[in-house]
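Spelled out, the chains give:
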Amino acid sequence: MSEIVQQSLHSNDWTDRADELFQQHRQEIYRKTDQLFARLMLFQWVAAIMIAMIISPQTWVGQSSYIHIHIWAAIFIGGAISIFPIWMTRAWPGTALTRHIIAVAQMLMSVLLIDLTGGRIETHFHVFGSLVILSFYRDWRVLISATIVVYLDHFLRGIYWPYSVYGVLSASPWRSVEHAGWVIFEDVFLVISCLRSIREMRFIANRTAALESSEQNFRQIFEEAPIGIAVVGLDSHYAQVNATLCNMVGYSEEELTSRTPSEITYFDDIDKDRQLTQRLLSDTARTSVEKRYVRKDGEIIWATRTACLMRDESGKPRHYLAMVEDITQRKKDAVALEEAKDEAERANRAKDKFLAILSHELRTPLTPVLMSAAALEREPGIKPELRRQFGMMRRNVELEARLIDDLLDLTRVSHGKLQLLFSGPVDVHSLLAHSEQIVRGDARNKSLVLRLELTANEHHVAGDDTRINQVFWNLLKNAIKFTPAGGQITVRTANPSPGQLVITVSDNGIGIDQQTLPFVFRAFEQGDIRGMQPCSGLGLGLSISKAIVDLHGGTIRAESAGRGLGAVFTVELSTVLPFPEAQIQASQPRRFRGKSSRLLVVEDHEPTLAVLTRLLRSQGHDVMTASTVKDALTLASGHTFDFVISDLGLPDGSGIDLMMQLSNHYGLRGIALTGYGMAEDLAKTERAGFLAHLVKPINFDQLHRVLERAQLATG
């Protein structure tokens, strides 16, 4: 709370200082402008007398001449107009009253000059010039006073003495309004200029106050900084040091300022320190080094010294600024941590080696057992009891193999080496149905009801179908494991929003207590299962499942109302919108039933290009190949093609750009053959002119189906 109060007081001080600077600046402008008008008033008075003497020195009555009244008006009225404002600038400089009196006097002087010149239009410009000079005050209020005087003068004299103001014997009253309009027109822009000048003055005051506050803050920071700060002169002597640096090296400020940095630097680090100092003189922005200092009591301490060269406005070096942080304890901790890390890595390598050897040793004897059990289970003519025994043997061997795989997967996850083999769009519903078939026997043995409610309309995701299936298998096995006999397990899918697929596996089993719930995805975590028979497994399935879902860009979470109230596991994945042709599964390619086509195949992967070309030609197509955008455009300019089959990622460009050029220039349509299968990728290929989007890897029958439909669509 005290810090907040101090910050508030500091902010108020800064604001008050800005106001003070602003007022000082404004008063200075007021006084200087007052002095300007004092000189201007005197000059105008003399000028008025001279103008009167030149224009109308005498007046005649018959053969008698007299001094013209204009001369007397210039002398006495001009003096009355000028002397009082001049006196005001001496008596009350910078006051609002002085400004308004000057504004009125200046406009009256314009009135006098207009009268002396017989209403000459050129003299009217004195009004506009006077308004501009009055705006030097940067106080728009004086413009109002001046404008009122001008308007009243023009209005009254325009009615009674139009010759004195307009130089004509009669004038329309609207002429005064016209003159006033031009004055107001100028006033608008002068007011805007005044307001803008005030804002600039305020900005300058705020910036100046901020700089003063910043300077004070920097002085305080220098003195109270938690790290050592020193200013070092070009003669390599300490010029200024703070208390932290003094405490760090054990010297007083007087003792330290009489020394050089080299005198308190550990002997082995002196040369390196001097080299870094020389680098600062060769336009290096800053240098940072870990070095050792020798305290006054002889103790050696480690510190990070960061230094920079401070220059004056002309760019000449002025002094060095050094910041020193004591890292002695950090060095000790780093040494201890490095030793612990080396020991942990040695233990981890030993563990990984052990798991690899264990996996090999366990898999070798399990392989013939598993093969024999599976073969005997399918053997016709054996007794049902023996078939069940062989099935039991196969399932248990598969379980052991799964545990071994989990251990290896856990090692890959911990090292960040778990990899996905993206197989294109994956039908989640098919994987769930497949997983349900695998665990159906286990559910039947426990008299569990296993239901699938697959209602999602969008149920394809981009990913590794084997790994995704592993997630579903783990979730179902987990639900079966912790659901008592006679229970129920439900698998649901839904699309809560476009592009999102949610899979839930819920059961009415033993549930998860709130203490265990946050740790269910931790390796080897099985929670508190007291009251139930010991469960098989190592508690790795959920941990590996989370890693797989994370790699697919999805999320997985567990929910439970508590013990005995079941559990719900939810997986969220992003969907893709594959072309229907991409979902066709055929065991073998078939002969092409349509006509042969002239095809341009663009693929930069040579083995893929070779195989694809051979298979297409074997089906009777005329095929020409290219591996770059440039080659493809060259072929298209010299040959006629029916369709183009193109990869999207090419060495010199994109298949999207290639397809757009081929479509615009040659009217070609194409088939995209790529490893990109997200919804936005399909939208891009469709806009570019591709008829279909096939995601690698594909079977050859998919491509034939697309070509058949393309031929039907294009006639």
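Here the structure is a predicted model, which is why all the values come from computation and not from measurement. (Residues numbered from 1 in each chain as written. Predicted model: local features only at pLDDT ≥ 70, side-chain atom pairs only at ≥ 80, totals over all residues. Heavy atoms only, no water.)

1. Notes on the overall build of the chain
Formally: Runs of H or I in DSSP of at least four residues are treated as helices and runs of E of at least two as strands, each being numbered from the N terminus. By the convention used here, residues are in contact when the closest approach between their heavy atoms is within 4.5 Å. Areas reported here follow the Shrake-Rupley algorithm with a probe of radius 1.4 Å; residue values treat only the protein chains shown as occluding.
Across its full length, the chain holds 20 helices and 21 strands. Across the chain, every contact between residues at least 6 apart in sequence was considered, and the portion connecting residues at least 24 apart equals 64%. If you sum the accessible surface of the chain, you get close to 39600 Å²; carbon and sulfur atoms cover 58% of it.

2. A word on the packing of helix α3 (residues 96–116) against helix α4 (residues 125–134)
This is how it is decided: Fitted lines through C-alpha atoms serve as axes, helices being fitted only where they are in contact, and the angles separating the N-to-C directions of these axes extend from 0 to 180 degrees. Here the word oblique covers every angle except those under 35 degrees (roughly parallel), over 145 (roughly antiparallel) and from 65 to 115 (roughly perpendicular). Handedness of a crossing follows from how the near helix is turned relative to the far one, being left-handed for an anticlockwise turn of less than a right angle and right-handed for a clockwise one. Amino acids outside the nonpolar list (Ala, Val, Leu, Ile, Met, Phe, Trp, Tyr, Cys, Pro) and the charged list (Asp, Glu, Lys, Arg) are all regarded as polar, and Gly is one of them.
Here α3 crosses α4 at 165°, and the two axes come no closer than 9 Å. Classified by the angle between their axes, α3 and α4 sit roughly antiparallel to one another. Crossing of α3 against α4: the hand is right-handed. In contact with I102, A103, Q106, M107, S110, L113 and I114 of α3, α4 contributes H126, V127, S130, L131 and L134. The residue inventory of the contact of α3 with α4, partitioned by class, reads 8 nonpolar, 4 polar and no charged.

3. Topic: the nonpolar core
What counts is decided by this rule: Working definition of a nonpolar core: buried Ala, Val, Leu, Ile, Met, Phe, Trp, Tyr and Cys residues. They are joined through side-chain atoms within 4.5 Å. When a residue's accessible area, from a 1.4 Å probe over protein chains only, is under 20% of the maximum for its type it is buried; when over 50% it is exposed; and in between it is partly exposed.
Membership of the largest hydrophobic core comes to 37 residues, with the highest contact counts inside it found for F472, L475, I503 and F569. Counting only elements with at least two residues in this core, the list comes to α13 (428–445), α14 (465–481), β11 (488–494), β12 (500–507), α15 (541–551), β13 (555–559) and β14 (567–574). The dominant element in this core, judged by the number of residues it contributes, is α14, at 8 residues. Not counting the four nearest positions on each side in its chain, I503 is found in contact with V428, L432, F472, V491, R492, T493, F569, T570, V571 and L573. Y30, Y137, V142 and C194 belong to the second largest nonpolar core, which has 32 residues in total.

4. Comments concerning a negative patch on the surface
To keep it simple, the criterion reads: Patch criteria: residues need more than 30% relative accessible area and no salt bridge. Like-charged residues are merged within 9 Å; nonpolar side chains of Val, Leu, Ile, Met, Phe, Trp and Tyr are merged within 5 Å. One speaks of a salt bridge when a side-chain nitrogen belonging to Lys or Arg is within 4 Å of a carboxyl oxygen belonging to Asp or Glu. Residues scored as charged are limited to Lys and Arg (positive) and Asp and Glu (negative), so that His and the chain ends carry no count. In this description, the location of a charge corresponds to atom NZ of lysine, CZ of arginine, CG of aspartate or CD of glutamate.
Side chains of E223, E224, E253 and E254 sit close together on the surface and give a patch of like negative charge. At the level of elements, α7 (173–224) and α9 (253–257) are the ones that each hand at least two residues to the negative patch. Tracing the backbone shows E254 in helix α9. The exposed category is assigned to E254, whose relative accessible area is 60%.

5. Examining the environment of M323
Along the chain, the position of M323 falls in strand β7 (residues 317–326). For M323, a relative accessible area of 31% translates into the label partly exposed. Residues M323 and G228 lie 95 residues apart in sequence; the distance between their C-alpha atoms is 5.6 Å. Beyond its immediate chain neighbours, meaning those up to four positions away, M323 contacts I227, G228, I229, T304, R305 and T306.

6. A look at the packing of aromatic side chains
Heads up, the condition is: Ring pairs are drawn from Phe, Tyr and Trp, using the six-membered ring of Trp, whenever the two centres fall within 6.5 Å, and their geometry is named by plane angle: stacked under 30 degrees, edge-to-face over 60, tilted for the rest.
A full pass over the atoms with the stated rule returns 8 aromatic pairs. Aromatic pair Y30 and Y137: ring centres 6.3 Å apart, planes at 55°, arrangement tilted. Separated by 107 residues along the polypeptide, Y30 in helix α1 (residues 2–55) and Y137 in the loop between α4 and α5 (140–160) bring together distant segments of the chain. A relative accessible area of 0% means that Y137 is categorised as buried. On the numbers, 5.1 Å between centres and 70° between planes, the contact of F185 with F189 is edge-to-face. Linking F185 with F189, this pair stays in helix α7, spanning 4 residues, or about one helical turn.

7. Quick word on the environment of A96
Topologically, A96 is positioned in helix α3. C-alpha of A96 to C-alpha of D139: the two residues are 43 residues apart in sequence and 9.3 Å apart in space.

8. A few points about the pattern of salt bridges
In a structure, side chains of opposite charge can pair up when their charged atoms sit close to one another. Evaluated as defined, the whole model comprises 23 salt bridges. One salt bridge connects K546 with D550, and the closest N-O pair in it is separated by 3.0 Å. Pair noted here: K546 and D550 are both in helix α15, with a separation of 4 residues, about one helical turn. With relative accessibility at 39%, the residue D550 sits in the partly exposed group. A cluster of three or more residues bridged by salt bridges with shared partners is formed by R99, D139 and R141.

9. A closer look at the sheet that holds β11
So the rule is basically this: Only strands joined by at least two bridges in the DSSP assignment are considered to pair.
Pairing within the open sheet is mixed, and its 5 strands lie in the order β9-β11-β12-β14-β13. At either end of the open sheet lies a strand with only one pairing partner, and these are β9 (449–454) and β13. The mean angle between the axes of side-by-side strands here comes to 10°, regardless of whether they run parallel or antiparallel. In terms of strand pairing, β11 meets β12 through 6 bridges, oriented antiparallel. By the bridge assignment, A494 is partnered in β12 with V502. Here α13 sits on the sheet and contacts β9, β11 and β12; the angle it forms with β9, its principal contact strand, is near 175°. Packing of α15 onto the sheet brings it into contact with β13 and β14, and relative to β13 it is tilted by some 145°.

10. Here's the deal with the sheet that holds strand β5 (residues 286–294)
Strand order in the open sheet formed by 5 strands is β4-β3-β7-β6-β5, and the pairing between neighbours is antiparallel. Each having just a single partner strand, β4 (238–241) and β5 make up the two edges of the open sheet. With strand direction ignored, the average angle separating the axes of adjacent strands in the sheet is 30°. Alignment of strand β3 (residues 228–233) against β7, held across 6 bridges, turns out to be antiparallel.

11. A few points about a nonpolar patch on the surface
Together, I144, I148, Y151, L152, F155, L156, Y160, W161, W174 and V177 give the surface a local cluster of nonpolar side chains, amounting to about 1100 Å² of exposed area. Those elements that provide at least two residues to the nonpolar patch are α5 and α7. Examining the composition of the nonpolar patch, we find that 7 residues originate from one element, α5, more than from any other. Take I148: it is sitting in helix α5.

12. Side note on the environment of L281
Tracing the backbone through its elements, the reader meets L281 in helix α10 (residues 270–281). Discounting chain neighbours no more than four positions away, the residues touching L281 are L309, R311, P317 and Y320.

13. Describing the packing of helix α17 (residues 629–638) against helix α18 (residues 655–666)
In the contact formed by α17 and α18, the axes pass within 11 Å of each other and the chain directions differ by 15°. Relative to α18, the element α17 lies roughly parallel. The interaxial crossing formed by α17 with α18 has right-handed handedness. From α17, V629, A632, L633, A636 and S637 reach across to α18, where they touch L658, Q661, L662 and Y666.

14. A word on α18
Defined as follows: Here a helix's expected span is defined as the number of its residues, less one, multiplied by 1.5 Å. By construction, the arc corresponds to the directions joining the helix axis to the C-beta atoms. Between N or O atoms, a polar contact is any pair within 3.5 Å; within protein, one atom must be a potential hydrogen donor and the other a potential acceptor, and residues adjacent in sequence are included only when both atoms are from side chains.
The end-to-end C-alpha distance of α18, which contains 12 residues, comes to 16 Å, matching closely the 16 Å that a straight helix rising 1.5 Å per residue would cover. Residues G655, I656, L658, M659 and L662 constitute the buried set of α18. Buried residues in α18, looked at end-on, bunch into an arc of 160°, giving them a common side. For α18, exposure combined with an orientation more than 90 degrees from the buried face picks out N664 and H665. The distance from a side-chain oxygen at the start of α18 to the backbone nitrogen of I656 is 3.0 Å, and the residue carrying that oxygen is S654. Among the residues trailing α18, G667 stands out with phi positive, at a value near 70°.

15. With respect to the confidence of the model for the chain
Keep this limit in mind: What pLDDT reports is the predictor's confidence in each residue, on a scale of 0 through 100.
Taken over all residues, the pLDDT of the chain has a mean of 78, while the share at 70 or more is 78%. Note that pLDDT drops below 50 for residues 528–538; the model gives that stretch 22 contacts with residues more than four away or on any other chain. Predicted confidence is poor over residues 580–593, with pLDDT under 50, and the contacts of this stretch with residues over four places away or in other chains come to 34 contacts.

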